[in-house]
Amino acid sequence: VSTAGFAQNKFAHVNFSELVQLMPEADEARATMTASSNEAQETYQAMVDEYQTKMTEYQQKASTWTQTIRESKENSLMDMQQRIQEFEQNVQQELALQQNQLMAPIYDKAQQAVEKLAKDGGYIYVFEASQVLYVDPSQSTDLTPAARKALNIPEGRTLESLQAELQAAQQQQQ
């Protein structure tokens, strides 16, 4: 490739992860995931509380029970423990799947916006800014501002302001 041909190529970079995190649709996905996670945690805690109550009863009364009653209670406790472990494993998988399902269209929308900007601008490469060691701003155009506008990300919204919003929401829940 000649140097002159290479110099005519247009390069751009974009902070894709920032775009995805700041998109309004990501807020909706986070809210849905938080609600699902909270419901899962409440269900898990109820199961653990029930198990602990029955375990306490077992410890207090086991010496007064017949062997058959004691074995029945032990089997019941082991079954509960098994159900708690299965629930924990299954719910983690389901939450991860839900996150992937909710975020996939958001990633796609951001990808399409960046591709459109790149094609419209005649760029041959668009690099993910967070994964490039060095970008010369005189030779690579930052498409992040244009992509933010195309994705309806409010002008003053930053990763720092998002973090503050998430921390405030978490404190309200506690």
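Above: the structure in question.
In this text the structure is predicted, and so the values were computed from the model without any measurement.

Trainee: What should I look at first to understand the overall build of the chain in this one?
Mentor: Looking only at helices and strands, one finds 6 helices and 3 strands in the chain. If you list the helices and strands of the chain from N to C, you get α-β-α-α-α-β-β-α-α. Whereas a compact globule of 174 residues would reach a radius of gyration of roughly 16 Å, the chain reaches 26 Å, over 25% beyond that. For the chain, the C-alpha atoms occupy an extent of roughly 90 × 40 × 25 Å along the three principal directions. Every one of the 174 residues in the chain was classed for burial, and the buried ones make up 26%. For the chain, contacts bridging at least 24 residues in sequence account for 85% of all contacts bridging at least 6. For the chain, the accessible surface area stands at approximately 12,100 Å², while carbon and sulfur atoms represent 50% of it. Side-chain charges of the chain comprise 13 positive and 24 negative groups, with the mean position of each set lying 2 Å from the other.

Trainee: Could you clarify how one ought to interpret a nonpolar patch on the surface in this entry?
Mentor: On the surface, a cluster of nonpolar side chains totalling about 300 Å² of accessible area is made up of Ile124, Tyr125 and Phe127. Mapped onto the elements of the fold, isoleucine 124 is located in the loop between helix H4 (67-121) and strand S2 (125-128).

Trainee: Sorry if this is basic, but what is going on with the sheet that holds S2 here?
Mentor: Pairing between sheet strands relies on hydrogen bonds along the backbone, with the strands arranged either parallel or antiparallel. On the basis of which strands lie adjacent, the open sheet formed by 3 strands has the order S2-S1-S3 and parallel pairing. A strand with exactly one partner marks an edge of an open sheet, and here the two such strands are S2 and strand S3 (140-142). Neighbouring strand axes in the sheet, compared pairwise and without regard to direction, differ in orientation by 30 degrees on average. Here 4 bridges tie strand S1 (residues 11-14) to S2, and the two strands are oriented parallel to one another.

Trainee: Honestly, the environment of glutamine 21 in this entry has me stumped. Any pointers?
Mentor: Counting through the fold element by element, glutamine 21 comes out in helix H2 (residues 16-22). Since its relative accessible area comes to 34%, glutamine 21 is described here as partly exposed. Not counting residues up to four positions away in its chain, the partners in contact with glutamine 21 are Ala26, Arg30, Leu159 and Leu162.

Trainee: Explanation requested: the side chain of threonine 144 in the structure shown.
Mentor: You can see threonine 144 is positioned in helix H5 (residues 144-150). Note on threonine 144: relative accessible area 7%, which makes it buried. A polar side-chain atom of threonine 144 sits 2.7 Å from a polar atom in the side chain of aspartate 142. Leaving out residues up to four positions away in the same chain, threonine 144 has contacts with His13, Val14, Asn15, Glu18 and Leu19.

Trainee: Is there a simple way to think about unusual backbone geometry in this case?
Mentor: The phi torsion of most residues other than glycine is negative, and most of the peptide bonds are trans. Phi at asparagine 152 takes a positive value of approximately 60 degrees, unusual for a residue other than glycine. Its place among the elements puts asparagine 152 in the loop between H5 and helix H6 (159-173). With a relative accessible area of 56%, asparagine 152 lands in the exposed category.

Trainee: Just checking my understanding: could you explain the packing of aromatic side chains for this structure?
Mentor: To describe a pair of aromatic rings, one takes the distance between the centres and the angle between the planes. Scanning the entire structure with this criterion turns up 5 aromatic pairs. Ring plane angle 25 degrees and centroid distance 6.3 Å describe the contact between phenylalanine 16 and tyrosine 107, whose orientation is recorded as stacked. Pair noted here: phenylalanine 16 is in helix H2 and tyrosine 107 is in helix H4, with a separation of 91 residues, a long-range link. Residue phenylalanine 16 is classed as buried on the basis of its relative accessible area, which comes to 17%. According to the relative accessible area criterion, tyrosine 107 is partly exposed, its value standing at 42%.

Trainee: Sorry if this is basic, but what is going on with the layout of surface pockets here?
Mentor: Think of a ball as big as a water molecule: rolled over the atoms, this probe shows where empty space is left. Considering only enclosed or pocket space, the largest pocket measures out at about 450 Å³ in volume. Along the walls of the largest pocket sit 17 residues, with Arg30, Ala31, Met33, Thr34 and Leu166 positioned nearest its centre. Here the lining of the largest pocket is composed, by residue class, of 8 nonpolar, 6 polar and 3 charged.

Trainee: Looking at this model, I keep getting lost on the side chain of glutamate 128. Mind explaining?
Mentor: Checked against the element boundaries, glutamate 128 lands in strand S2. Within the buried set, glutamate 128 has no salt-bridge partner at all; the shortest N-O distance to an opposite charge, 12 Å, is to arginine 148. Reaching out from glutamate 128, the side chain makes a polar contact with the backbone nitrogen of serine 17 at a distance of 3.5 Å. Polar contacts involving the side chain of glutamate 128 include one to the side chain of serine 130, which spans 2.8 Å. What glutamate 128 contacts, discounting residues up to four positions off in sequence, is Val14, Asn15, Phe16 and Ser17.

Reading the values: rules and limits
- Numbering of residues begins from 1 in every chain and follows the order in which that chain's sequence is written.
- Predicted model: local features are reported for residues with pLDDT of at least 70 only, side-chain atom pairs are reported and counted for 80 or more only, and whole-chain, interface and lining totals are derived from all residues.
- The side-chain values count all of the structure's non-hydrogen atoms but skip hydrogen atoms and water molecules.
- Strands are runs of DSSP state E lasting at least 2 residues, helices are runs of H or I lasting at least 4, and numbering of each runs from the N terminus.
- Each radius of gyration reported is based on C-alpha atoms, and the globular scaling rule is 2.2 Å times the count of residues to the power 0.38.
- Each residue is assigned to one of three classes by its accessible area relative to the maximum for its type, calculated with a 1.4 Å probe on protein chains only: buried under 20%, partly exposed between the two thresholds, exposed over 50%.
- Note on definitions: a residue-residue contact is assigned when non-hydrogen atoms from the two residues lie within 4.5 Å.
- Methods summary: accessible areas were calculated by the Shrake-Rupley approach with a probe of 1.4 Å, and residue burial reflects only the protein chains presented.
- Positive charges come from Lys and Arg alone, negative charges from Asp and Glu alone, with His and the N- and C-terminal ends not counted.
- Each charge is placed at NZ for Lys, CZ for Arg, CG for Asp and CD for Glu.
- Patches in this entry comprise residues that are over 30% relatively accessible and not in a salt bridge; like charges within 9 Å are linked, as are nonpolar side chains (Val, Leu, Ile, Met, Phe, Trp, Tyr) within 5 Å.
- Whenever Lys or Arg places a side-chain nitrogen within 4 Å of a carboxyl oxygen from Asp or Glu, that contact is recorded as a salt bridge.
- Should DSSP find at least two bridges between two strands, the strands are regarded as paired.
- In this analysis, axes come from line fits to C-alpha atoms, helices being fitted only over the stretch in contact, and the angle between any two N-to-C directions falls in the range 0 to 180 degrees.
- Polar contact is the term for a pair of N or O atoms within 3.5 Å; when the atoms are in protein, one must be able to donate a hydrogen and the other to accept it, and sequence-neighboring residues count only if both atoms are side-chain atoms.
- Aromatic rings from Phe, Tyr and Trp, with only the six-membered ring used for Trp, were paired whenever their centres fell within 6.5 Å, and each pair was classed as stacked if the ring planes differed by under 30 degrees, edge-to-face if by over 60, and tilted otherwise.
- Residues are said to line a cavity or pocket when one of their atoms sits within 4 Å of a point; the points come from a 1 Å grid over protein atoms alone, cavities being sets where a 1.4 Å probe fits but cannot get out and pockets being open sets with protein on both sides within 12 Å along at least five of seven lines.
- Grid points are joined across faces, edges and corners, and a volume is the space filled by probe spheres set on the points.
- Residue polarity is assigned by list, with Asp, Glu, Lys and Arg as charged and Ala, Val, Leu, Ile, Met, Phe, Trp, Tyr, Cys and Pro as nonpolar; anything else, Gly included, falls into the polar class.

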